[in-house]
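Remarks on the overall topology
Here is how the chains run, residue by residue.
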Amino acid sequence: MSFSFWAVATLVFGVVAVVVNALKQVLFKDPNRPPVVFHWIPVFGSAASYGMDPYKFFEDNRKKFGDVFTFVMLGRHITVALGPRGNDFVLNAKHSDVSAEEAYAHLTTPVFGKGVIYDCPNARLMEQKKFAKSALTTGAFRSYVPLIVNEVRQYWLKSPQFFGGDSNRASNKTHLMTAMPEMTIFTASRTLQGREVRAKFDESFADLYHDLDRGFTPIHFVFPNIPIPATFNRDKAQRKISDTYMEVIRERRRTGDLSEQDVLNTFLRDAVYKDGVRMSDREIANMMIGILMGGQHTSAATSTWALMHLGADKALRDALYQEQVEVCGPELRELTYDDLQNMPLLNNTIRETLRMHPPLHSLMRFVRHDLTIEGTRYVVPRGHYVLAAPGVPMIDSQYFKEPLKFQPERWLEQKNIIDLAAQDQDYTVVSKGAKSPYLPFGAGRHRCIGEQFAYVQLGTILAMFVREFEWSLPNGRAVPTPDYSSMVTLPAEPSDIVWTRRRVGEKKY
Ligand code: X2N
Ligand code: HEM
């Protein structure tokens, strides 16, 4: 009796809520608010269609509403602003009007730790970015290339995904979504994080890092403290990893050895804010975790996509091999940073990969004061979010001919639009470059500082692949479709390639 009462009551309440919510949307359209994407379920809103395929969601609604519209996702009101002007509206909005920390901190702070990135005032983040950026000099990059080359060789030799200990192994199948995250973490940790942190990945760090990583997901973006094992493990791993970094920091201070050109040393030397406050060891530790996590997902996704596209395009692989021979000679002498600068096709392959597969499809800001959208009567009220999707113009035929074709050569003609935002990297001035249709690294005060490093890391890894292997996607498969269920846009499974060595036994491993 009481069961059926509650069942009926719940059902009636649910039906009423759905009907009221639907009627409200149809009958009350506020002309001063952007149009709202219709949704049946209150609160949940458009979470499913946005979460499963954001680009389809953006495109469908652009057809209905134009470049500006609002959707509901799990209680949040999010206003999307598409196109280069939308990018400018969101990414160059005044800091007093919008904030990234209030959009991201609930996701990032439990993973990176306290006191840095989005768990501090924006002025602090600007200075943290300057400290990190000041480590990423050409001099540092020159020292990184041989380190990356060495890590790649070691990985190929050891990993069962490659030679599995047999340096004469002539062919194999590789699961890229296993191999590329591993190669990325080894190369990034050896260069940016330093020798000690790299060594930890052979020991205690691998599992801990895994636990931290599984707490950096869209589920945690939506429900930061959802009581599941992934959340508890995230918090435990954060503490342990942060403590381990602090030990590394203390040890460096003790020995006074600051000789390596990694980011950690730059923080140990220079991390004093303008007002004289020095970053604590805990803050430096957490900053290093942030940099590790950021660079890891974006770079691993990008190298995987690039290798997939190359696997589907023999002519491009041949042309890239030719470029290696032209720059480094038929003996393919060891790659250097300067060689990479002389390989336009290689760099344009990375550029093209980021055009079709920018790792971050949605950049968000929390609206702190009512925002008027220029040229419209729309006002986005405080408490809502705004969302830029730089990937949308990047696959729009208005800006890129045949946008769904992977054509690195297009960049020989399109040089003019290469990331206008890159010109202004002084974080005291807000860059005005956001009207570009090509912004894989964002724009404005939150723009990426990792772009040059990413090109060095990706360029070195891809060049190594081109030199060593001939590969393809098995069974004549096409490049996979994107999977949006992770923090970055990944290729859906299967992500295998099959390869043969170009010259077995010539190089020593
Ligand atoms: C629950 C389908 O899945 O209905 F990392 F030092 C380090 C990353 C911002 C990702 C936004 C939301 C997807 C909901 C699906 C550092 C290198 C950074 C920069 C709904 C039912 C971190 C937002 C991902 C929303 C997907 C923010 C990154 N350079 N790294 N329903 O990055 O920079 C860093 C910076 C973002 C996102 C999403 C759903 C500095 C569902 C079903 C389910 N996303 N997402 N970085 N959704 N459903 C970073 C900026 C910062
Ligand atoms: C910011 C993309 C690699 C560190 C950003 C933003 C984007 C981006 C789009 C802007 C986020 C926003 O406006 O909300 C990428 C891509 C990468 C990459 C596509 C590789 C292919 C890296 C690497 C590092 C890094 C390797 C570290 C060395 C950062 C930092 C910010 C940032 C510190 C600033 C966040 C802020 O100011 O709010 N990145 N990133 N990124 N990225 Fe990257």
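Residues numbered from 1 in each chain as written. Chains lettered and ligands numbered in written order. Predicted model: local features only at pLDDT ≥ 70, side-chain atom pairs only at ≥ 80, totals over all residues. Heavy atoms only, no water.

Right, let's talk about empty space enclosed by the protein for a bit. All told, the structure shown has two cavities of 30 Å³ or more when counted by the stated rule. Taken as a whole, the largest cavity encloses approximately 60 Å³ of empty space. Along the walls of the largest cavity sit eleven residues, with L91, A93, V98, R445 and H446 positioned nearest its centre. Counting residues per element, the ones that place at least two in the lining of the largest cavity are helix 4 (83–91) and strand 3 (98–99). Broken down by class, the residue content of the lining of the largest cavity amounts to five nonpolar, four polar and two charged. (1 Å grid on protein atoms, 1.4 Å probe; cavity = no way out; pocket = protein on both sides within 12 Å on 5 of 7 lines; lining within 4 Å. Points joined across faces, edges and corners; volume = space filled by probe spheres on them. Helix = DSSP H or I, 4+ residues; strand = E, 2+ residues; numbered from the N terminus. Nonpolar A, V, L, I, M, F, W, Y, C, P; charged D, E, K, R; others polar.)

So, on to the sheet that holds strand 9 (residues 469–472). A sheet is described by the order of its strands in space; here three strands give the open sequence 4-12-9, paired in antiparallel fashion. Strand pairing shows two members of the sheet lacking a second neighbour, strand 4 (171–175) and strand 9, which therefore form its edges. Sheet twist, expressed as the average angle between the axes of neighbouring strands with direction ignored, equals 30 degrees. Of the strand pairs in this sheet, strand 4 and strand 12 (residues 496–501) are connected by five bridges, and their pairing is antiparallel. Each residue of the ladder has a partner; that of S171, found in strand 12, is T500. Against the sheet, helix 8 (residues 176–193) makes contact with strand 4 and strand 12, and its axis sits at roughly 80 degrees relative to strand 4, the strand it touches most. (Pairing = 2+ DSSP bridges. Axes fitted to C-alpha atoms, helices over the stretch in contact; angles between N-to-C directions. Contact = heavy atoms within 4.5 Å.)

Let us look at the site of ligand 2. Surrounding ligand 2, one finds 24 residues, the nearest of these being Y118, K129, R365, H446 and C448. In the model, an oxygen atom of ligand 2 is placed 2.7 Å from a nitrogen or oxygen of the R365 side chain. Elements with a contribution of two residues or more to the shell around ligand 2: helix 6 (122–135), helix 14 (281–311), strand 5 (363–367) and helix 20 (451–468). Considering every element that reaches the shell around ligand 2, the biggest residue donor is helix 14, with four residues. Residues that form the shell around ligand 2 fall into these classes: 15 nonpolar, six polar and three charged. (Near = heavy atom within 4 Å. Polar contact = N/O pair within 3.5 Å; in protein donor to acceptor, adjacent residues only side chain to side chain.)

Turning to the packing of aromatic side chains, a few remarks are in order. Per the counting criterion, the structure on display carries 39 aromatic pairs. Ring geometry for Y55 versus F58: centroids 6.3 Å apart, planes at 85 degrees, classification edge-to-face. Separated by three residues within a single helix, Y55 and F58 lie in helix 3 (residues 54–65), roughly one turn from each other. Classification of Y55 as buried rests on a relative accessible area of 14%. Relative to F162, the ring of W156 has its centre 6.0 Å away and its plane inclined at 40 degrees; by these criteria the two rings are tilted. Pair check on accessibility: W156 and F162 agree, each one buried. By the ring-pair criterion, three or more aromatic residues cluster together here, those being Y155, W156, F162, F163, F186, F465, F469, W471 and W499. Sitting over the ring of Y273, R124 keeps its end group 4.0 Å from the ring centre. (Phe/Tyr/Trp six-rings, centres within 6.5 Å; stacked < 30°, edge-to-face > 60°. Buried < 20%, exposed > 50% of the residue type's maximum accessible area, 1.4 Å probe, protein only. Lys NZ or Arg CZ within 6 Å of the ring centre and 35° of its normal.)

For a regular strand, side-chain orientation follows a simple rule: the groups alternate between the two sheet faces. Alignment of strand 9 against strand 12, held across four bridges, turns out to be antiparallel. Residue pairing in the sheet places S472 in a bridge with V498 of strand 12.

Here we take up the packing of helix 12 (residues 229–255) against helix 13 (residues 263–270). At a minimum axis separation of 11 Å, helix 12 and helix 13 run at an interaxial angle of 65 degrees. One element, helix 12, and the other, helix 13, form an angle in the roughly perpendicular class. Judged by the twist between their axes, the crossing of helix 12 over helix 13 is right-handed. Of the residues in helix 13, those in contact with V248, I249, R252 and R253 of helix 12 are L264, N265 and L268. (Parallel < 35°, antiparallel > 145°, perpendicular 65-115°, else oblique. Left-handed = near helix turned anticlockwise from the far one by under 90°.)

Across the sheet, five strands lie side by side as 1-2-8-5-3; this open sheet has mixed pairing. Of all strands in the sheet, those bounded by a partner on one side alone are strand 1 (68–73) and strand 3. As defined by bridge partners, strand 5 adjoins strand 8 (residues 385–388) across four bridges and the pair is classed as antiparallel. Looking at strand 8, one finds that M364 is bridged to L387. Helix-sheet contacts for helix 3 involve strand 1, strand 2 (76–81) and strand 8, and the interaxial angle to strand 1 is about 130 degrees. Its contacts with the sheet put helix 4 on strand 2, strand 5 and strand 8, and the angle it makes with strand 8 is roughly 135 degrees.

We now examine the environment of H175. Its location among the elements puts H175 in strand 4. Residues H175 and Q398, spaced 223 residues apart in sequence, show a C-alpha to C-alpha distance of 36 Å. Excluding residues that lie within four positions of it along the chain, H175 makes contacts with Q161, E493, S495 and D496. Within the local environment of H175, its side chain forms a polar contact with the side chain of T178, the two groups lying 2.6 Å apart. Of the polar contacts made by the side chain of H175, one reaches the side chain of E493; its length is 2.9 Å.

As a further point, take the site of ligand 1. Surrounding ligand 1, one finds 24 residues, the nearest of these being A48, I117, G290, G294 and M487. Between ligand 1 and A47 there is a distance of 3.4 Å, counted from a nitrogen atom to a backbone nitrogen or oxygen. One nitrogen or oxygen atom from the main chain of G294 is found 3.3 Å from a nitrogen atom belonging to ligand 1. Secondary-structure elements contributing two or more residues to the shell around ligand 1 are helix 2 (47–52), helix 5 (101–112), helix 11 (218–222) and helix 14. For the shell around ligand 1, the leading source of residues is helix 2, giving five residues.

Interpretation note: all reported values are geometric properties and have no functional meaning in isolation.
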